[in-house]
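A look at the structure
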Number of protein chains: 2
Amino acid sequence: MAKKATKKTPVQRGKSKKAARGTTREKIVGLAEAVIGDIGKAENPTIDVPTRTLSNVSFDKRKGIIEMGDAKSERPFFDLGNAKRFMQTMLMSSELLKLQDQLKTTSIRDMFYRCKHTVEGTKEETFNDQDESDPVIEDLEVTLGALREELRIFANPDGAMVGPMTIRDSGDEIDLSRMGSGGWAVPSIVEPDVIQFVKCKAKFILLVEKAAIWSRFNEDRFWEKHGCMLITGRGQPPRGVRRLCFRMAKEHKLPLYVLVDNDPWGYYIYSVVKQGSINLAFESARMAVPQARFIGMSSYDAAEFDIATNLSIRLNDKDVQRAKEIMNYPWFAGRNWQREIKHMLKLGVKLELEALSNKDFSFIADTYVPQKLKKKKWLD
Amino acid sequence: MAKKATKKTPVQRGKSKKAARGTTREKIVGLAEAVIGDIGKAENPTIDVPTRTLSNVSFDKRKGIIEMGDAKSERPFFDLGNAKRFMQTMLMSSELLKLQDQLKTTSIRDMFYRCKHTVEGTKEETFNDQDESDPVIEDLEVTLGALREELRIFANPDGAMVGPMTIRDSGDEIDLSRMGSGGWAVPSIVEPDVIQFVKCKAKFILLVEKAAIWSRFNEDRFWEKHGCMLITGRGQPPRGVRRLCFRMAKEHKLPLYVLVDNDPWGYYIYSVVKQGSINLAFESARMAVPQARFIGMSSYDAAEFDIATNLSIRLNDKDVQRAKEIMNYPWFAGRNWQREIKHMLKLGVKLELEALSNKDFSFIADTYVPQKLKKKKWLD
């Protein structure tokens, strides 16, 4: 039976909502010291892990982001249901400490292999597969209050950026206005110790959902004409791209415009950039950009820009269902958003960015976005 | 009934295996002029399209690449079964000509929207969906003998590169040895008019399947220590990455080493880089790198590098089936390859690159690959 530890461990004490203080290294060591402290006092060593479920997530209207609440669950060592997870958590944190000491970064897949071995004298594996190790990493992120990037764990990198800005990446100075057709590949970890903004002449950021559309804007040198950072995450932007937008928006006060298809999935991509996601609610404060603006496509654009009706695509059942779900999210409760989504449902069609090419290959970069910017036709 | 045109159109005449000569623009215009010529002579305008089926594909042992044969099918205009496809082909080629004239590049999705409209006075659409327009673009590639990139059509870009080389990309000079942790994002189109190699100090190319492993090699500055270009295609390398490897291997005589997981999918990724693929057989001559070497992982590596058995993963039925298929491809007929694949099947397991991290985060970059290179332990 579960034997509950009633006393808070030192690392948890005195930190209500706030995460443990100090550097990431200090946080990891602090967790270990707390456990050692428990053992020294002959107590049941226990880690308090913030709860990562929907019930512990809420939308903070004032801040405009999705946040994790205060609920925690205890993970005591002397407990049949928790002992293995406790061991896994300590093993993982000891390997994470090595990353800190060796100044190396790696992937969650790597961490699985790194931690996997047979427990001496048994036939028990520390981890059977990655489905067991990934949640332990997430537990440690929330318990330590450290972003995955701060733990030196990267996600699959993806995305590209160009624009009037010079950065320093791992010591190399890179002029992002001289990156040709390819652009600078956005790495997964863009924390200030890796990436520094040296010089920034950009006036705003344009985040483009689709890589092909990004290439169109780059080829047309939109970023030069309009003085903006041009970035793509190739679909749902990966963490590196979101965090980079966050940092540019915050450190250089750049407005962020998001350009996606007109469908429920486009709306959702925008909302993750703006408010954060339910799954990663504990990271919203350092990933979400509440000032982000939805520059398009809107369900009103087909009429506004005279796009032939046969270029729209009929909404399927999944689209309609998703649109209705999204309408009920508190962060889409505003009058303008309700109007936007209802109008899409009423028309019964979705519209892709590429449909604008029917007019001209460069209509999107020469006319559509500039006109929207000029007339301030965005949603936020 | 199909009314067969018996005479070759001018664009086809005098070109047996060879594609139409001249610039891409001249090829497109040539096709149109041939059709006009047919009309002027009151003949049934007909396009001969090389056949893109397995039956028209073969492995050229001497060249070491998969090639398309000479079979062609006729596409006459006055033919109920071909008239629409004929119209689509001409419409698409006229839009492709605009790309040439405007010096713009775009996506196949864009081309679909660009060409889609209702035929005047009818309810007939030129194209109903992209499944109709994509094959027309492929038809034109083989008919004109022009790479998709030469038609100024890009695929989704993906991949990153660093190394001791300076390139010029769309006029911007980029030092690939100063690209930080992100690297230069490899664009989809890397033809000589876009990308030029200005200065190259690299001695070989290392193509890494997985982006996360690429990041490990980059963080450890493997490319600097070993003087190599370090490139990833993030899984099956996209066209831009393959074409870039081809150009570097050819223009700078750089050996190409491919690093993939030890499973049938890894073998296959390697073979596509080396011999080309059945689907894109018509592009092998300008995409495949027959000198490419498979540097790992080999099914003998677990023993060779003393990797714990519990880090291997049991082959599933799909893996076994795929391995057997691959063993029968003529380009895997060599003794060493048969031995390699049989050994994997005998062991009954596959092994991921990340398993090497169990020894040390940098084992793969500090020991594994350097040792393989030194001992010339590769397959080709």
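Definitions and cut-offs
- Residues numbered from 1 in each chain as written.
- Chains lettered and ligands numbered in written order.
- Predicted model: local features only at pLDDT ≥ 70, side-chain atom pairs only at ≥ 80, totals over all residues.
- Contact = placed C-beta atoms within 7 Å.
- Helix = DSSP H or I, 4+ residues; strand = E, 2+ residues; numbered from the N terminus.
- Nonpolar A, V, L, I, M, F, W, Y, C, P; charged D, E, K, R; others polar.
- Least-squares fit on C-alpha atoms with pLDDT ≥ 70 in both.
- Pairing = 2+ DSSP bridges.
- Axes fitted to C-alpha atoms, helices over the stretch in contact; angles between N-to-C directions.
- Domains from an automatic or database assignment.
- Core = buried A, V, L, I, M, F, W, Y, C linked by C-beta atoms within 7 Å.
- Buried ≥ 20, exposed ≤ 12 C-beta atoms within 10 Å, placed from the backbone.

1. Quick word on the interface of chain B and chain A
- At the interface, 45 residues of chain B touch 45 residues of chain A.
- Mapped onto the side of chain B that touches chain A, the elements with two or more residues apiece are strand S5 (106-107), helix H3 (108-115), strand S9 (172-175), strand S10 (184-185) and helix H5 (211-219) of chain B.
- Grouping the constituent residues of the side of chain B that touches chain A by class yields 17 nonpolar, 16 polar and 12 charged.

2. Some points on the environment of leucine 254 of chain B
- Turning to its location among the elements, leucine 254 of chain B is positioned in the loop between helix H7 (239-251) and strand S14 (256-259).
- Setting aside chain neighbours within four positions, we find leucine 254 of chain B in contact with Ala202, Phe204, Ile205, Met248 and Ala249 of chain B.

3. Let's talk about the relation of the copies chain B and chain A
- Mapping chain B onto chain A leaves a residual RMSD of 0.0 Å; the transformation is a rotation of 180 degrees accompanied by 0.0 Å of translation along its axis. These values place the two chain copies in the arrangement generated by a two-fold rotation axis.
- Comparing contact sets, 100% of the residues at the interface of chain B also lie at the interface in chain A, consistent with an isologous, same-surface contact.

4. Examining the sheet that holds S9 of chain B
All names here are of chain B.
- The strand order across the open sheet formed by 3 strands is S9-S8-S11, and the pairing between neighbours is antiparallel. Sheet topology places S9 and strand S11 (195-200) at the edges, where each strand pairs with a single neighbour. If you compare each strand with its neighbour and ignore which way they point, the axes differ by 25 degrees on average.
- In terms of strand pairing, strand S8 (residues 165-169) meets S9 through 4 bridges, oriented antiparallel. Within the sheet, the bridge partner assigned to aspartate 169 lies in S9 and is aspartate 172.

5. Side note on the sheet that holds strand S8 (residues 165-169) of chain A
All names here are of chain A.
- The antiparallel open sheet is built from 3 strands, whose spatial order is S9-S8-S11. Here the strands that pair on one side only, and so sit at the sheet edges, are strand S9 (172-175) and strand S11 (195-200). Averaged over all pairs of adjacent strands, the angle between strand axes in this sheet comes to 25 degrees, irrespective of strand direction.
- Here S8 pairs with S11 via 5 bridges, running antiparallel. Counted as the bridge partner of isoleucine 167 is phenylalanine 197 from S11.

6. Structural notes on the domain arrangement of chain A
All names here are of chain A.
- Domain annotation of chain A identifies domain 1 (24-154) and domain 2 (160-374).
- A C-alpha centroid distance of 33 Å is found between domain 1 and domain 2.
- In this assembly, 17 residues from domain 1 lie in contact with 18 residues from domain 2.
- At the level of elements, strand S2 (57-60), strand S3 (65-68) and helix H4 (130-144) are the ones that each hand at least two residues to the side of domain 1 that touches domain 2.
- The element contributing the most residues to the side of domain 1 that touches domain 2 is S3, with 4 residues.
- For the side of domain 1 that touches domain 2, the per-class residue count stands at 10 nonpolar, 2 polar and 5 charged.

7. Some details on the nonpolar core
- With 186 residues, the main nonpolar core has Ile205 and Cys245 of chain A together with Ile205 of chain B as its most contacted residues.
- For this core, the element with the most residues is helix H7 (residues 239-251) of chain A, which contributes 6 residues.
- Excluding anything up to four places from it in sequence, isoleucine 205 of chain B contacts Cys228, Met229, Ile231, Cys245, Met248, Ala249, Leu254, Leu256 and Tyr257 of chain B.

8. Some thoughts on the pairing of strand S13 (residues 228-232) of chain A
Residues and elements named next belong to chain A.
- With 5 of 5 residues buried, S13 lies mostly within the body of the structure.
- The alternating pattern of S13 places Cys228, Leu230 and Thr232 and Met229 and Ile231 on opposite faces, both of which are buried.
- Here strand S7 (residues 160-162) pairs with S13 via 3 bridges, running antiparallel. Along S13, the bridge assignment pairs valine 162 with leucine 230.
- Pairing analysis gives 5 bridges linking strand S12 (residues 204-208) to S13, with the strands arranged parallel. Looking at S13, one finds that valine 208 is bridged to threonine 232.

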